[in-house]
Amino acid sequence: MIPSLTEDDITAVTAVLRSGMLVQGKEVAALETEVSNIVNTKYAAALSNGTATLHLALVSLGIKPGDEVIVPAFSYVATANAVELVGALPVFVDIDPATFNIDVSKIENAITSNTKAIIPVHEFGLACDISGIMQIADKHGLHVIEDAACALGAAEDNKPVGSFGTFGSFSFHPRKSVTSGEGGILTTNDQALVERIQTLRNHGIKPGVSSMDFIEAGFNYRMTDFQAALVNSQLTRLEEIIKAKQLLADIYLNILNTENLSLPSVPAGKNHTWQTFHTVLHKRHDRNKVTEQLKQKGIGANYGAQCIPAVTFYQNKYAHNCAEKFPHALHAFNNGLALPLYPQLTEENITYIAHELNKILEND
Ligand SMILES: *Cc1c(COP(=O)(O)O)cnc(C)c1O
């Protein structure tokens, strides 16, 4: 994935550098306003990345050792790492193999008297069954932190992701649709919580008062103004970027031969922002071998996300039998293949990649 940077983006960054106001100034404030408008929440707080956002969301809710937090078994590892960072227990739930999102029918089984929150992920930019998750969370009195790192612009029944839970968490890493280099933002409708986040990101300094006072042992999770300027400039093209990716994704969906792999499916009422076009090769294929063959054709494909309980840290710590407990997450990890998808690619590029992949798999 190559971020698309325009001359306007670069000018926006250099303007901040010339202004001398480098950290958490008016560009950060403008970003917070813009994202709260896109996501349709009252508040947004920009932070240094999309892991800091998950971490501070958990800290601000008082989640601590002894507490349990439900996370999907298949995501980028940061989703579970944030739970580890507050000393709580990540409780993994398998995914729906059609959407790669958490299998909502398995969530209630994972709830115990120690469960405090659910972190559903809108994986690869596809809205998960967030209203189904909210029903379960409300019934059990749990917080929901939507990990929408890849999903700015996604929605369920036209309601933006990041506006359902207590918090929505977004990343602006260069692999996401719009980037600030490093960056992230939390969205919420809760005034007390956003003030707590503003305090925690800035060394515990109480926001909005002229006499500086430190009311908590906070972090430094601030965003710089030149990062905010970069993503502000990119956000003017968000819809355009998502549309371009949709067009390219449709070509993959039309050409790729489902006798050899399964394609991502988009349930009715959900929309996909196509942060990643993620396929899963059928069991007889060796994903790493296929990746190597694609590379020889000049095509850079990679695996998509981790079966988190199967990676070394989580295996050493919890030794889950992933094949038994999270078979869909494990299969998506072992045989998942993320194909190139970014706005600079042409329809011809995608057509070529799809045909080459079909050929490789037919001859495998
Ligand atoms: C990218 C990503 C993150 C982490 O975001 P960073 O900004 O890289 O820290 C967290 N969760 C998911 C699902 C992601 O894709």
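All of the points below concern the structure found in this document. All values reported here derive from a predicted model rather than from experimental measurement. (Residues numbered from 1 in each chain as written. Predicted model: local features only at pLDDT ≥ 70, side-chain atom pairs only at ≥ 80, totals over all residues. Heavy atoms only, no water.)

Quick notes on the overall build of the chain
The secondary structure content of the chain amounts to 14 helices and 14 strands. Taken over C-alpha atoms, the radius of gyration comes to 20 Å for the chain, in line with the 21 Å a tight globule of 364 residues would show. Expressed along its principal axes, the backbone C-alpha trace of the chain runs to roughly 70 × 55 × 35 Å. Of the contacts made within the chain by residues no fewer than 6 positions apart, 70% connect residues no fewer than 24 positions apart. With the model as given, the accessible surface of the chain reaches about 15,400 Å², and the carbon-plus-sulfur share is 51%. Charged side chains of the chain number 27 positive and 38 negative; the gap between the two group centres comes to 4 Å. (Helix = DSSP H or I, 4+ residues; strand = E, 2+ residues; numbered from the N terminus. Rg over C-alpha atoms; globule rule 2.2 N^0.38 Å. Contact = heavy atoms within 4.5 Å. Areas by Shrake-Rupley, 256 points an atom, 1.4 Å probe, with all protein chains shown as cover. Lys, Arg positive; Asp, Glu negative; His and termini not counted. Charge placed at Lys NZ, Arg CZ, Asp CG, Glu CD.)

Re the layout of surface pockets
Its boundaries defined by the atoms lining it, the largest pocket holds a volume of some 710 Å³. For the largest pocket, the lining is made up of 36 residues, of which Arg175, Lys176, Gln275, Thr276 and Gly304 are closest to its centre. The set of elements that each furnish at least two residues to the lining of the largest pocket consists of helix H4 (78–85) and strand E14 (336–339). Taken as a whole, the second largest pocket holds about 170 Å³ of empty space. Around the second largest pocket sit 13 residues that line it, and Pro97, Pro327, His328, His331 and Ala332 are the ones nearest its centre. (1 Å grid on protein atoms, 1.4 Å probe; cavity = no way out; pocket = protein on both sides within 12 Å on 5 of 7 lines; lining within 4 Å. Points joined across faces, edges and corners; volume = space filled by probe spheres on them.)

Details of the packing of helix H10 (residues 287–296) against helix H14 (residues 347–362)
At their nearest, the axes of H10 and H14 sit 10 Å apart, and the two run at 135 degrees to each other. Compared by their axis directions, H10 and H14 come out oblique. Both H10 and H14 take part in a crossing whose hand is right-handed. Residues Val290, Gln293 and Leu294 of H10 lie in contact with H14, whose contacting residues are Leu357, Ile360 and Leu361. (Axes fitted to C-alpha atoms, helices over the stretch in contact; angles between N-to-C directions. Parallel < 35°, antiparallel > 145°, perpendicular 65-115°, else oblique. Left-handed = near helix turned anticlockwise from the far one by under 90°.)

Overview of the nonpolar core
Counting 46 residues, the largest nonpolar core has Leu58, Val69 and Phe74 as the members making the most contacts within it. Only strand E1 (43–47), helix H3 (52–60), strand E2 (68–72), H4, helix H7 (191–200) and helix H13 (327–335) provide two or more residues apiece to this core. In terms of residues, this core owes the most to one element, H3, which gives 6 residues. If near-sequence neighbours (up to four positions away) are discounted, valine 69 is found in contact with Leu58, Ile63, Val83, Ala88, Leu89, Pro90, Val91, Ala117 and Ile119. (Core = buried A, V, L, I, M, F, W, Y, C linked by side-chain atoms within 4.5 Å. Buried < 20%, exposed > 50% of the residue type's maximum accessible area, 1.4 Å probe, protein only.)

Thoughts on the site of the ligand
Around the ligand, the structure places 15 residues, and the nearest of them are Gly50, Thr51, Asp147, Ser171 and Lys176. Measuring from a nitrogen atom of the ligand, one finds a side-chain N or O atom of aspartate 147 at 2.8 Å. At 2.7 Å, a side-chain N or O of serine 171 approaches an oxygen atom of the ligand. When the ligand sits alone it has 390 Å² of accessible area, and the protein chains cover 91% of it. Here the ligand occupies the largest pocket. Residues of the shell around the ligand, tallied by class, amount to 5 nonpolar, 8 polar and 2 charged. (Near = heavy atom within 4 Å. Polar contact = N/O pair within 3.5 Å; in protein donor to acceptor, adjacent residues only side chain to side chain. Sits in = over half its atoms within 2 Å of the grid points. Nonpolar A, V, L, I, M, F, W, Y, C, P; charged D, E, K, R; others polar.)

Comments concerning the sheet that holds strand E12 (residues 277–281)
In spatial order, the strands read E11-E12-E14; together these 3 strands make up an open sheet with antiparallel pairing. The sheet terminates laterally at strand E11 (261–262) and E14, the two strands that pair on one side only. Sheet topology places E11 next to E12; 2 bridges connect them, and they run antiparallel. Among the inter-strand pairings, leucine 261 is bridged to a residue of E12, identified as leucine 281. (Pairing = 2+ DSSP bridges.)

Considering helix H8 (residues 225–235)
Counting buried residues along H8, 10 of its 11 residues qualify, which places the element largely inside the surrounding structure. Buried positions along H8 lie against helix H1 (7–19), helix H2 (26–39) and helix H9 (238–255).

Re the sheet that holds E1
Across the sheet, 7 strands lie side by side as E1-E10-E9-E6-E5-E2-E4; this open sheet has mixed pairing. Each end of this open sheet is capped by a strand with a single partner; those strands are E1 and strand E4 (89–93). Ignoring strand direction, the axes of neighbouring strands in this sheet form an average angle of 25 degrees. Each of E1, strand E9 (167–171) and strand E10 (184–188) touches H2; the most contacted strand, E1, lies at about 130 degrees to it. Seen against the sheet, H4 touches E2, E4 and strand E6 (143–147) and runs at an angle of roughly 150 degrees to E4.

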